[in-house]
Amino acid sequence: MNVLDLARPEIRVMQAYSSARMESAGGQLMLNANESAWAPVGDTGQGCNRYPDPQPVALLDALALLYGVRREQLLVGRGSDEAIDLLVRAFCRAGEDAILIQPPTFGMYAVCARIQNAGVVEVPLGDDFALDVDAVLAAVTPAVKLVFVCRPNNPAGQDVSRADIERLAQTLSGRALVVVDEAYVEFADEGSVADLIDQYDNLAVLRTLSKAWALAGARIGSLLASAEVVALLRRIMPPYPLPQPCVDAALIALSGWGQANVRQRLAIVRKQRKLIGEQLSRLPGVREVLPSQANFLTVRFEDADDAGRRLEAAGIVVRDVRRHPRLGDALRITLGTPEENARVIGALKRPLLRGRRTADGAIPGKCA
Ligand SMILES: *Cc1c(COP(=O)(O)O)cnc(C)c1O
């Protein structure tokens, strides 16, 4: 059985839109796309008056090298969010098929499923937020076409072993596509599982430049999968997904000095994760700092409202993750620079000023 047998039949036979840019190979005078003949003011040679290359080879090659896959196993889109959406639309028939997720997890999987009117099968993470492979396998009905696995998990921070992912891919071969979201893998101890896509055609991996690569604003995310899956999704992808300035920014980030810079910052974040995790766990009012393999710490508080107010009073915004199951008392705090992290600790230590008196009896903030 071919992995494409899992895809929507109408998508498999669909004719792709043929854009002007695709039909223009080799031309010199481009008068086929109704573009402006003049560059916009402020254009510094980027050529933004022209539609961009749908999948620029230089970017594909740089990412393929980085991720250890072949060019045809790579689809680049507007963040990994776009790949999630394309996967759901290509594999799930509205009103019939479903995805499987393990809450608490990243919200976009379920959002994309709802937009497509696909079902969402939930298999909660087990103790210590570990993936329960047997429970996932038991919940895969014929309707389930995609099994999303977020590793390291957002928002719980824990990782999933390579052995568990292999077991999922192997057991679900011919039944479902296993989509491993590695948005935070650069921060983790264990590396990517992308090398397994040669072995399992029903395995796909999501990577992004938004987190470790400091390019959230450029929206560059990748899907690594079998060449068949990549070709299928390219057919339903909008014709010009990658803005030229974003491609240029990505190529600079992926250059030798860009990579050296990222490695330095990764080392800082990993060191801070340990240091700040220890400092947080010693603060009064902190129930637990969840072990994290990502660039954030999810912290359970005795009174998360109070912690949120202290941070807010210091102008610090963190993510309220209390809507997630088993995180009803937790806030997710992104690791910033060492100075920023120190401010978080300071804000949580400081008593709330409102209405409190200092040792000499004065109300802080009020003039005597
Ligand atoms: C941030 C995040 C993404 C989104 O990445 P983009 O490439 O910016 O779309 C995907 N998955 C998880 C788990 C994330 O936390």
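Residues numbered from 1 in each chain as written. Predicted model: local features only at pLDDT ≥ 70, side-chain atom pairs only at ≥ 80, totals over all residues. Heavy atoms only, no water.

I tried to follow the overall build of the protein on my own but got confused; where do I start?
Looking only at helices and strands, the protein features eleven helices and eleven strands. Each principal axis of the C-alpha atoms in the protein carries an extent, and together these give about 80 × 60 × 35 Å. When the 368 residues of the protein are sorted by exposure, 48% land in the buried category. Counted over contacts in the protein with a minimum sequence separation of 6, partners at least 24 positions apart contribute 69%. Approximately 17900 Å² of the protein is accessible, and the part contributed by carbon and sulfur atoms is 52%. Charge separation in the protein, taken as the distance between the mean sites of 43 positive and 43 negative side-chain charges, equals 6 Å. (Helix = DSSP H or I, 4+ residues; strand = E, 2+ residues; numbered from the N terminus. Buried < 20%, exposed > 50% of the residue type's maximum accessible area, 1.4 Å probe, protein only. Contact = heavy atoms within 4.5 Å. Areas by Shrake-Rupley, 256 points an atom, 1.4 Å probe, with all protein chains shown as cover. Lys, Arg positive; Asp, Glu negative; His and termini not counted. Charge placed at Lys NZ, Arg CZ, Asp CG, Glu CD.)

Just to check I follow, could you spell out the site of the ligand for this structure?
Not every one of the 13 residues close to the ligand is listed here, only the nearest: Ser80, Asp181, Thr208, Ser210 and Lys211. Between the ligand and aspartate 181 there is a distance of 2.6 Å, counted from a nitrogen atom to a side-chain nitrogen or oxygen. In this structure, arginine 219 approaches the ligand through a side-chain N or O atom, which is 2.7 Å from an oxygen atom. Compared with its free state, where it exposes 380 Å², the ligand has 93% of that area covered by protein. When atoms are counted within 2 Å of each cavity's grid points, the one that captures over half of the ligand is the largest pocket. By residue number, the principal contributor to the shell around the ligand is helix 3 (residues 79-91), which donates three residues. (Near = heavy atom within 4 Å. Polar contact = N/O pair within 3.5 Å; in protein donor to acceptor, adjacent residues only side chain to side chain. 1 Å grid on protein atoms, 1.4 Å probe; cavity = no way out; pocket = protein on both sides within 12 Å on 5 of 7 lines; lining within 4 Å. Sits in = over half its atoms within 2 Å of the grid points.)

Sorry, what's going on with the UniProt feature "modified residue: N6-(pyridoxal phosphate)lysine" (unreviewed entry) in the protein here?
UniProt's entry tags Lys211 with the feature "modified residue: N6-(pyridoxal phosphate)lysine" (unreviewed entry), counted in the numbering of this structure. With respect to the helices, strands and loops of the structure, lysine 211 is situated in the loop between strand 6 (203-208) and strand 7 (221-224). Not counting residues within four places of it along the chain, the set of residues in contact with lysine 211 comprises Ala183, Tyr184 and Phe187. (UniProt positions renumbered as here; feature names shortened; annotations may be inferred.)

What's the story with the pairing of strand 1 (residues 74-77) in this structure? I'm lost.
Both faces of strand 1 are covered, namely the face carrying Leu74 and Val76 and the face carrying Leu75 and Gly77. Examined bridge by bridge, strand 1 and strand 7 share four bridges and lie antiparallel to one another. Counted as the bridge partner of glycine 77 is glycine 221 from strand 7. (Pairing = 2+ DSSP bridges.)

Sorry, what's going on with the domain arrangement of the protein here?
Interface size is often expressed as the accessible area that is lost when the parts come together. Assigned domains of the protein: these are domain 1 (3-26 + 42-254) and domain 2 (258-349). For domain 1 and domain 2, the distance between their C-alpha centres works out to 28 Å. Each side of the interface is counted separately: domain 1 has 28 residues, and domain 2 has 21 residues. For the pair domain 1 and domain 2, the summed buried surface comes to about 1900 Å²; carbon and sulfur atoms form 58% of the total. When the buried area of domain 1 at its contact with domain 2 is split by residue, Phe129, Pro155 and Phe187 rank highest and sum to 32% of it. For the pair domain 1 and domain 2, the number of links is one salt bridge. The shortest N-O distance in the salt bridge between arginine 270 and aspartate 189 comes to 2.9 Å. Across the contact surface, domain 1 and domain 2 share twelve residue pairs in polar contact (both at pLDDT 80 or more). (Domains from an automatic or database assignment. Buried area = accessible area lost by both parts, 1.4 Å probe. Salt bridge = Lys/Arg side-chain N within 4 Å of Asp/Glu carboxyl O.)

Hey, could you run me through the side chain of histidine 324 in this one?
Mapped onto the secondary structure, histidine 324 falls in the loop between strand 10 (319-320) and strand 11 (330-334). On the basis of relative accessible area, histidine 324 is assigned to the buried category, the value being 13%. Residues within four places of histidine 324 in sequence aside, it is in contact with Pro104, Thr105 and Pro155.

I'm lost on the sheet that holds strand 7 in this one. Help?
Hydrogen bonds between backbone atoms are what pair the strands of a sheet, whose relative direction is either parallel or antiparallel. Read from one edge to the other, the open sheet built from seven strands follows the order 1-7-6-5-4-2-3, with strand pairing classed as mixed. Each edge of the sheet is formed by a strand with only one pairing partner; in this case those strands are strand 1 and strand 3 (119-122). For this sheet the average axis-to-axis angle between neighbouring strands, irrespective of direction, equals 20°. Here four bridges tie strand 5 (residues 177-181) to strand 6, and the two strands are oriented parallel to one another. Across the sheet, aspartate 181 pairs through a bridge with leucine 206, a residue of strand 6. (Axes fitted to C-alpha atoms, helices over the stretch in contact; angles between N-to-C directions.)

Is there a simple way to explain the layout of surface pockets in this structure?
If a probe the size of a water molecule is rolled over the atoms, the empty space left behind becomes visible. Each pocket or cavity is described by its volume, and for the largest pocket that value is around 800 Å³. Forming the walls of the largest pocket are 39 residues, and the residues nearest its centre are Tyr184, Ser210, Lys211, Asn295 and Thr334. Of all elements in the fold, only helix 3, helix 4 (108-115), helix 9 (256-281), strand 11 and helix 11 (338-349) reach the threshold of two or more residues within the lining of the largest pocket. Ranked by residues supplied to the lining of the largest pocket, first place goes to helix 9 with four residues. Of the residues belonging to the lining of the largest pocket, the class tally is 19 nonpolar, eleven polar and nine charged. When residues of the lining of the largest pocket are sorted by domain, at least three fall in each of domain 1 (3-26 + 42-254) and domain 2 (258-349). (Points joined across faces, edges and corners; volume = space filled by probe spheres on them. Nonpolar A, V, L, I, M, F, W, Y, C, P; charged D, E, K, R; others polar.)

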